[in-house]
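# Inside the fold
If you want the building blocks of each chain, they are given just below.
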Amino acid sequence: MGNSMLLIVAINLLAFRHCIGVQVNLDHDGGSILKSQLMDTNCADEKDCEQFRAGDIKQVACDDKKTCICKDEKDNVMACMPNDQKLANEIGMDCPCLIKHSICKNNKCECKANFTATEDNKHCVPVTSQLDEICEIDLNCQRAEPFSTCLDTKICECDQGFTKENGTCYSILDKVDITCEGHQTCHNNTANSVCAAKHCVCKQGFVASRNENKCLPVMNFEESCEEHLQCKYRLGEGGQCSHGKCSCKPGYRESYVESGSSQAVCTREITVGIDCTTPVDCVLEHEDDPHKSSMVCSNNSCICRSGFSLVDEKFCKEGDAVGAATQNGIISHYFVLLFATIFFYF
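Values in this document were obtained by computation on a predicted structure and should not be read as measured data. (Residues numbered from 1 in each chain as written. Predicted model: local features only at pLDDT ≥ 70, side-chain atom pairs only at ≥ 80, totals over all residues. Heavy atoms only, no water.)

## Observations concerning the overall build of the chain
To be explicit about the condition: The helix count covers DSSP runs of H or I at least four residues long, the strand count covers runs of E at least two residues long, and both are numbered beginning at the N terminus. Partly exposed residues are those whose accessible area sits between 20% and 50% of the maximum for their type, while under 20% is buried and over 50% is exposed, using a 1.4 Å probe and protein chains only. The contact criterion used throughout is that any non-hydrogen atoms of two residues lie within 4.5 Å. Surface accessibility follows the Shrake-Rupley procedure with a 1.4 Å probe radius. Residue values consider only the protein chains on display as shielding.
When its secondary structure is counted, the chain shows five helices and 23 strands. Residues classed as buried in the chain amount to 34% of the 346 residues present. Pairs at least 24 residues apart make up 33% of the contacts formed inside the chain by residues separated by at least 6 positions. Roughly 20900 Å² of accessible area belongs to the chain as shown, and the carbon and sulfur atoms make up 51% of that amount.

Now the structure itself:
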């Protein structure tokens, strides 16, 4: 009976330590192992495994289970070890950094300026991506081309209804059923149109109407409009045509490209959970220093910075009241359970 009681007490103590974030020694040598510190051998293709080709490892491959396989010159399977000694090959892990476009800062790997980490933290991709370049979210593409999107293949491509020509997305005039070889063919049928990829499209500064039979001029904030695309071209994804004028749709606000500039754009209202690619994407208008802002960009989403708690499911307030209350509740629960167990057996 005494041994059973001691076993239950031990289990409760281990559960208590786990729930409040205390490391539990799991290895035979008495050291602490965290899942995030284990060697990362996951891969998308063979290129992800090249980091292990060193010393006796002569062959590397990415198998059907998306795991790196390493072999010696005699085709014997070996443990995969990186060229540089490190525990994990991911952004946010300990240096040295093996990922392209990454740097070591405060002994942790992070993407260098103008690059952002992919969702799995295994690659650094450009913050601004041109057409046909690698991307992580739509915002990467739309910074360079407003009528583009990030496909499931993580490549920037033109939106539906647009065609690509010389790195620009042109609005297709589908109802102008002409296969063109030159601009004049299109212009003779529709004003302000040109020929691109053998399609008649609206020239730069114009977009196709909803019925795709004419080209409408792009408009600025509060200028007269007929359709949404006229506003989106200059105002960005948040632009809309409402009551005959260009404005910002709900969740976006008017801002200006540069101080004193007359070129308005619609920027998202910064709240917890919006997409982001850089720390600046999560900085509120009244916050001057990105390093002291209430939110940070983590895995391409704005979250509360450490020391801040969520308010109204949108904003962050200094003071981790929710986290403290949760941890205090966990501590109270396990102490009650522990004393109840001891009382029962005595």
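## Observations regarding the confidence of the model for the chain
Note the threshold: Each residue carries a pLDDT score, the predictor's own confidence in it, on a scale running from 0 to 100.
With 74% of its residues at a pLDDT of 70 or more, the chain shows a mean pLDDT of 75. At the low end of the mean pLDDT range in the chain sits helix α1 (residues 2-19), at 45; at the high end sits strand β17 (residues 245-248), at 94. Per-residue pLDDT stays below 50 along residues 321-336; that stretch engages in twelve contacts with residues further than four places along the chain or on separate chains.

## Side note on helix α4 (residues 228-235)
Those residues of α4 not exposed but buried are Gln230, Cys231, Lys232 and Leu235. Of the surrounding elements, those touching the buried residues of α4 are β14 (206-208), β15 (215-217), β16 (239-242), β17 and β19 (264-268). Just past α4, the residue Gly236 takes up positive phi, approximately 90°.

## Quick look at the state of the cysteines
Using the following cut-off: Cysteine sulfurs are considered disulfide-paired once they come within 2.5 Å of each other.
The full count for this structure, using the stated rule, is 16 disulfides. Note on cysteine connectivity: Cys135 is disulfide-linked to Cys150, with sulfurs 2.1 Å apart. Between Cys135 and Cys150 the disulfide shows an S-S torsion of about 95°. By sign, it is right-handed. Residue Cys135 is found in the loop between β7 (124-126) and α2 (138-142), and its partner Cys150 is found in strand β8 (residues 148-150); the two are separated by 15 residues along the sequence. Like Cys150, Cys135 is buried. Disulfide pairing is shown between Cys186 and Cys200; the S-S distance is 2.2 Å. Handedness here is read from the sign of the S-S torsion; for Cys186 and Cys200, about -90°, the answer is left-handed. Taken together, the positions of Cys186 in helix α3 (residues 183-187) and Cys200 in strand β13 (residues 199-202) put the pair 14 residues apart, joining distant regions of the chain. You'll find Cys186 and Cys200 in the same group, each marked buried.

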